[in-house]
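Overview (structure and organization)
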Amino acid sequence: MNAVFVACALFAIGLYGVLVRRDLIAILASVEVMIGAPLLLLVALGARLDGGAAVESIGLLLLVLAAAEAAVGLALLVLVARVVRTTRADELVEVGER
Amino acid sequence: MSMTVLMWALAAMTLLGAADVLLTRDVMRLGLGLGTFLLGLAGYFAAFGFGLLALAEVFVYVGGVLVLVIFAVMLVHRERSGVPRLESRHDPLAAVAAVGIAALLGAALRPLAALDLGGVATGVDAVGAHLLGARLAHFELAGLLLLAALVAVVSVSGVERR
Amino acid sequence: MMQLLDHAWVAIIAPVLAAGAIAVVGHRAKSFAPVLALVGALTTLAVAMAGVTALFQADPHGVGPIADGGWEWFKVGGTALRLLWALDGLAAWMLLVVGVVAAAVVVFSTGYLAGDGGWVRYFALVSLFTGSMNLLVLADSLTALFIGWELVGACSFLLIGHWFERPSAARAAMKAFLTTRVGDIGLLVAIAALWSACGSDSFAEVFDKLPSLPSPTVNVVALGLAIGAMGKSAQFPLHAWLPDAMEGPTPVSALIHAATMVASGVYLGVRVWPVFEVSAPARDLLLVTGVVSALGAALIATLQRDIKKVLAYSTISQLGFMFAALGAKAPVAAFFHLVTHAAFKGLLFLTSGSVIHGSGTQDLHEMRGLRRDMPLTFGAWVVGALALSGIPPLAGFFSKDAVLDSVWNHAPLAGGVLFVASALTALYMARATRLAFFGVSGADTHVHESGPSMLLPLAALGSAALVAGLAGGPVARAIGHDSEPLVPAVALIALGMAAVSSVAGWSMAPDPQADLAHQRSLGRFGVALANAFWWDRLVERSIVAPAVGVSRVLWAWGDRLAVDGLVHGIARLTESAASALRSLHRGDAQVYATTMAAAVALMLAATVWLGR
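Because the structure is predicted, anything quoted here is derived from the model rather than measured.

Calculation notes
- Residues numbered from 1 in each chain as written.
- Chains lettered and ligands numbered in written order.
- Predicted model: local features only at pLDDT ≥ 70, side-chain atom pairs only at ≥ 80, totals over all residues.
- Pairing = 2+ DSSP bridges.
- Helix = DSSP H or I, 4+ residues; strand = E, 2+ residues; numbered from the N terminus.
- Contact = placed C-beta atoms within 7 Å.
- Nonpolar A, V, L, I, M, F, W, Y, C, P; charged D, E, K, R; others polar.
- Axes fitted to C-alpha atoms, helices over the stretch in contact; angles between N-to-C directions.
- Parallel < 35°, antiparallel > 145°, perpendicular 65-115°, else oblique.
- Left-handed = near helix turned anticlockwise from the far one by under 90°.
- Core = buried A, V, L, I, M, F, W, Y, C linked by C-beta atoms within 7 Å.
- Buried ≥ 20, exposed ≤ 12 C-beta atoms within 10 Å, placed from the backbone.
- pLDDT = per-residue confidence, 0-100.

Let's talk about the pairing of strand 2 (residues 79-87) of chain C
For a regular strand, side-chain orientation follows a simple rule: the groups alternate between the two sheet faces. Residues and elements named next belong to chain C. In this sheet, strand 2 lies alongside strand 1 (residues 67-76) in antiparallel orientation, the contact comprising nine bridges. Bridge pairing links Glu72 to Arg82 in strand 2. In sequence, strand 1 turns back onto strand 2 through a hairpin of two residues, with Gly77 there showing a positive phi of about 60 degrees.

So, the interface of chain C and chain B
On the side of chain B, ten residues touch chain C, which itself brings eight residues to the contact. For the side of chain C that touches chain B, the per-class residue count stands at seven nonpolar, one polar and no charged.

Observations concerning the packing of helix 15 (residues 307-327) of chain C against helix 19 (residues 395-410) of chain C
Residue and element names in this part refer to chain C. Orientation of helix 15 relative to helix 19, taken along the N-to-C sense of each, is 45 degrees, at an axis distance of 9 Å. Looking at the two axes, helix 15 sits oblique to helix 19. Handedness of the crossing formed by helix 15 with helix 19: left-handed. In this structure, helix 15 contributes Phe321, Ala324 and Ala325 to the contact, and helix 19 contributes Lys400, Val403, Ser406 and Val407. Of the residues in the contact of helix 15 with helix 19, the class split is five nonpolar, one polar and one charged.

Observations concerning the nonpolar core
Counting 215 residues, the largest nonpolar core has Leu138 and Ala324 of chain C as the members making the most contacts within it. In terms of residue count, the dominant contributor to this core is helix 4 (residues 89-112) of chain C (19 residues). Not counting chain neighbours up to four residues away, the residues in contact with Ala324 of chain C comprise Leu287, Gly290, Val291, Ala294, Val403, Val407, Ala414 and Leu418 of chain C. In this structure, Ala3 of chain A together with Leu10, Tyr44 and Ala98 of chain B belong to the second largest nonpolar core, which totals 84 residues.

Side note on the confidence of the model for chain B
Averaged over every residue, the pLDDT of chain B is 81; residues scoring 70 or more account for 83%. Predicted confidence in chain B is weakest over helix 3 (residues 51-76) of chain B, with a mean pLDDT of 76, and strongest over helix 1 (residues 2-23) of chain B, with 89.

Following this line, the structure appears as structure tokens:
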């Protein structure tokens with residue numbers, strides 16, 4: 001199974017999860033899946049294109065980016081859970097109507 | 001041959017993990033699925049010869065992010081009785097959009113996917129030199145980003161104390 | 001005086017201005033309202049007196065207008081709409097009628113309506129009516145006449161509905177308005193046809209062009225005018241509104257529904273006589289409707305219990321005499337009868353007002369022996385009744401003789417019927433007189449004679465009824481004819497029949513029981529008479545009910561389904577579209593994200609497909 005297509009499939013799964021999962025925790029997990037997809041793509045293509053150190057460096061930087069995203073996202077999740085007493089995305093509609 | 005088997009195994013691992021993240025209704029299984037997915041990803045990195053990246057993936061994610069996730073789960077549901085079910089609102093339009101985007105990406109990337117694997121020459125020295133040399137600006141930016149994220153997390157979490 | 005004649009239009013303007021002034025200041029100074037209305041009526045009277053005096057001084061056959069004038073109202077293309085007025089002999093005499101009756105009615109009303117809540121509105125409307133009637137009378141163009149015609153109709157509607165809180169009064173007003181409207185359509189058609197055929201709406205110009213018009217056009221015009229006149233003058237088959245119009249205050253009945261407005265149909269016939277002169281079918285229509293109305297209404301009047309209904313049917317009957325005279329080519333007789341009838345019928349209505357005011361009832365069976373308690377009113381009634389019955393030397397004798405003679409010579413059958421109707425007139429007046437004023441009076445002590453404000457007008461109109469018979473010659477000369485001499489044979493026959501039927505009517509109703517017994521003895525015919533030949537029920541079933549049915553269908557299907565459906569449908573469409581669109585931005589971030597993802601997918605697809 002070619003890793004490039006696996007990456008595409010992962011992206012689809014992650015995107016669909018972001019769109020349809022109701023719980024913020026599951027949405028954040030889906031976002032991680034989505035971030036994993038380009039990472040895998042980078043690595044798979046880098047292996048083919050003789051990237052070497054450049055590919056690995058970019059990968060590391062992407063990891064950092066993803067880690068920062070996860071930290072901020074989870075912090076927001078905790079905040080929302082505390083203030084609104086829910087972690088469900090569809091119960092947060094009032095934010096949009098105010 | 002063994003490479004092909006490895007690729008299939010890694011594909012199965014990541015996809016199943018991702019599918020579990022997508023479909024499960026149990027928080028703990030969600031964490032487990034995510035861990036499986038991330039480990040599969042790390043396996044990919046290693047299989048393609050990026051050992052350092054694989055290591056970082058395992059440390060940062062499987063160690064850090066997963067702990068963080070479980071921590072968040074416990075924090076979130078601290079006051080509730082029992083573990084909530086995770087629900088989905090399955091939507092054909094979203095499915096079409098996701099599959100469509102993925103299919104188009106796949107179609108666009110097919111020529112690249114057909115290329116043969118080239119030689120991968122890496123080492124921690126080379127990566128370090130690259131990061132502190134050609135990519136120094138990016139490296140510093142990434143550090144700045146992490147700092148900003150740290151401040152943001154503290155600031156957002158600090159609301160409780162007010 | 002010549003100046004007054006040159007400005008005869010003040011007879012139109014003054015009462016209208018008075019009406020406006022009453023409406024504005026009337027509520028502050030209530031006693032001022034009748035004064036202003038009287039000023040309007042007296043202005044009319046002054047102009048009329050000046051005109052009639054000028055007629056006596058003038059050349060005996062001067063038919064042309066004494067004074068005239070007019071304004072151009074507006075112009076459409078080459079056609080100008082002009083409001084022309086002219087004071088000629090006919091208008092002068094008619095103005096005299098209007099002025100005398102209006103003045104008498106205004107004075108009478110101050111007593112009759114004392115303490116009425118609608119006092120101010122009443123006098124304003126009476127004054128407005130006087131002005132409108134003067135416009136109708138002085139009009140020298142078809143449009144001016146039509147404006148006056150419609151204005152008096154509107155005033156009639158408003159005054160019949162004076163006590164509009166009574167449903168019967170509101171219904172009667174509506175009925176009068178709608179029924180006369182049927183006739184007004186005929187008048188409107190006639191005016192439109194004349195105007196388009198002659199290119200002018202001035203009477204003089206129209207009459208000049210009349211000989212050159214094709215005969216069908218003339219007949220259409222004349223028939224339209226006849227129908228208009230029938231509606232206004234309550235002639236069969238458009239008569240049913242007049243008895244109901246008695247719901248209005250009695251002085252209004254005297255002014256509008258006896259002396260002036262209802263007579264304006266006859267006035268119209270005389271005014272446009274040149275048209276009728278050349279249209280035999282229209283004259284025949286006038287003759288037939290007049291004879292039918294005269295006999296039918298007289299028959300109905302013999303059994304009515306309401307004193308005002310007796311007088312109302314009597315009015316229809318007498319107007320029928322005038323219509324028959326018009327149909328018999330005798331406009332002079334018709335107009336003469338109009339003048340005398342205005343005097344004695346106005347008197348009778350005001351007298352009945354005095355009776356109602358004094359006795360508190362309109363039912364003849366409830367009034368007994370009023371002559372002792374109301375001697376002056378009784379005297380006035382007798383004068384009016386004798387004049388109406390055609391007893392010399394009172395007014396009705398002369399004018400009715402002229403009518404009977406001309407109709408008899410024109411069509412003996414119609415003349416014969418009119419003789420019978422004339423005899424019936426004496427009969428129902430004798431019956432009503434005996435029921436109301438004779439017999440043993442009841443124990444009621446509240447019956448009282450009316451005050452001077454009501455007796456004075458009775459005296460004025462009573463003397464008018466006494467002497468109006470002398471007006472035959474001047475009236476005839478005023479409209480350009482020689483006065484017809486009294487025909488002794490006709491006069492004697494009519495008088496004899498009147499005397500016999502008076503006795504019959506007198507003996508018919510010595511007391512209410514006898515009256516009822518007499519009605520029962522007539523059997524089914526009596527029931528028919530008491531119910532006015534069920535005409536109202538017939539109209540109700542054959543015209544009103546189908547019209548209401550059609551309206552209901554139009555309402556249910558046309559209005560409710562089509563119009564309302566369209567309106568509501570648009571509202572619902574907007575609503576459902578809005579709620580459908582609203583679901584797109586309920587605030588659910590994932591829905592937004594889905595939309596964005598779908599859009600990205602589309603853009604990618606476009607890039608891939610179009611980029612090839």
